[in-house]
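One letter stands for each residue in the lines below.
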Amino acid sequence: MRRFIPLLFLITGISFASEVYFSPEGGVRDQIIKRINISKSMIDVAVYSFTSADIAEALANAAKRGVKVRVVRDASQSSGNNDENDFLQQHGIDVHITSGRGRGIMHDKFAVFDGKEAFTGSYNWTNNAEHYNWENALFTDEEKVIKAYEKEFDRLWNEPLKPVLNRHSNRKPHYAVN
């Protein structure tokens, strides 16, 4: 059956490309930044943990170029010392904080670049993911997959805002604004 599928794609003219990367030290961060840097119109990101200053800076530069950047984050992971939410918001990027149902979490890790390519995998946008963790990342331009991730992003974006509990201070919780 596997031999038939590529032939079917060839006959119907349907083709798509995918790339897979692994860490630690597999270059996933650089591949994400590459896609951010070539994006022209929109970037939607849903990522559980985000502490990579390099990726945050690339997103800020994209926003400065006029790219519409939206980021969905989990409430439980949005208050750490190295979290990038404040930096993103200071650079005009909308950050929407949510969580799962009940005691659940928003544990997704995916992005859509210009509606033309999607990223997914276990890879959080962190230095640990790049340098220490066993992680995987898939980039694909398969239209059906991209549409599914766009639909899921819109569903997450429209979830009610959740409070961000700051684990490192005695301040009251605050809500991310988008």
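In what follows, the accompanying structure is described. Model, not experiment: these values are computed from the prediction. Here the residue index of a chain counts from 1 through its sequence in written order. Selection of residues for local features in this predicted model requires a pLDDT of at least 70, selection of side-chain atom pairs for listing and counting requires 80 or more, and totals for whole chains, interfaces and linings are taken over all residues. Hydrogen atoms and water are omitted, and side-chain values are computed over all heavy atoms in the structure.

It is worth spelling out the packing of aromatic side chains at this point. Only the six-membered ring of Trp is used, alongside the rings of Phe and Tyr, when aromatic pairs are assigned; centres must lie within 6.5 Å, and planes under 30 degrees apart are stacked while those over 60 apart are edge-to-face, with the rest tilted. For the structure on display, the rule yields six aromatic pairs. Ring geometry for F50 versus W125: centroids 5.6 Å apart, planes at 75°, classification edge-to-face. Residue F50 is located in the loop between β2 (42-47) and α3 (53-64), and its partner W125 is located in the loop between β6 (117-121) and α5 (127-131); the two are separated by 75 residues in the primary sequence. Note on accessibility: F50 and W125 belong to one class, buried. In textbook terms, an aromatic cluster arises when at least three aromatic residues are bridged by ring pairs, as seen for Y21, F50, F119, W125 and F139. Whether a charge sits over a ring comes down to the Lys NZ or Arg CZ being within 6 Å of the ring centre and within 35 degrees of the ring normal. Positioned above the aromatic ring of F139 is the side chain of R35, whose terminal nitrogen or guanidinium carbon lies 4.0 Å from the ring centre. The ring of W157 carries R70 above its face, with NZ or CZ at 5.0 Å from the centroid. Each helix is a run of H or I in the DSSP string that is no shorter than four residues. Each strand is a run of E no shorter than two, and both are numbered from the N terminus. Under the scheme applied here, a residue whose accessible area is under 20% of the maximum for its type counts as buried, over 50% as exposed, and between as partly exposed, the area being computed with a 1.4 Å probe on protein chains only.

The next point concerns the pattern of salt bridges. For this document, the term salt bridge refers to a Lys or Arg side-chain nitrogen within 4 Å of an Asp or Glu carboxyl oxygen. The tally for this structure, following the rule as stated, stands at nine salt bridges. With a closest N to O distance of 3.7 Å, D30 and R29 form a salt bridge. D30 gets classed as partly exposed once you look at its relative accessible area, which sits at 45%. We note a salt bridge from R70 to D44, for which the minimum N-O separation is 2.9 Å. You can see R70 sitting in strand β3 (residues 68-74) and its partner D44 sitting in strand β2, a full 26 residues away along the chain. Overall, D44 belongs to the buried group, its relative accessible area being 6%. Connected through salt bridges with shared partners, the residues E19, R35 and E117 form a single ionic network.

As a further point, take the pairing of strand β4 (residues 94-98). Burial of β4 is extensive: four of the five residues sit out of reach of the surface. Should DSSP find at least two bridges between two strands, the strands are regarded as paired. Note: β3 against β4, five bridges, orientation parallel. When the sheet's bridge partners are listed, V72 is paired in β4 with H96. A crossover counts as right-handed when, viewed with the strands pointing away from the observer, the path leading from the first strand over the helix to the second turns clockwise. Taking the sense of rotation as the criterion, the β-α-β connection linking β3, helix α4 (residues 85-90) and β4 turns out right-handed.

Grouping buried Ala, Val, Leu, Ile, Met, Phe, Trp, Tyr and Cys residues that are joined through side-chain atoms within 4.5 Å yields what is termed a nonpolar core. Counting 30 residues, the largest nonpolar core has I32, I36, I43, L59, F119 and W125 as its most contacted members. Sorting elements by how many residues they give to this core places α3 first, with five residues. Those residues in contact with I43 that sit more than four places away from it in its chain are I36, L59, A62, V67, K68, V69, R70, V112 and F113. Among the nonpolar cores identified, the runner-up in size contains seven residues, and V72, M106, F153 and W157 belong to it. Contacts are assigned to residue pairs that have any heavy atoms within 4.5 Å of one another.

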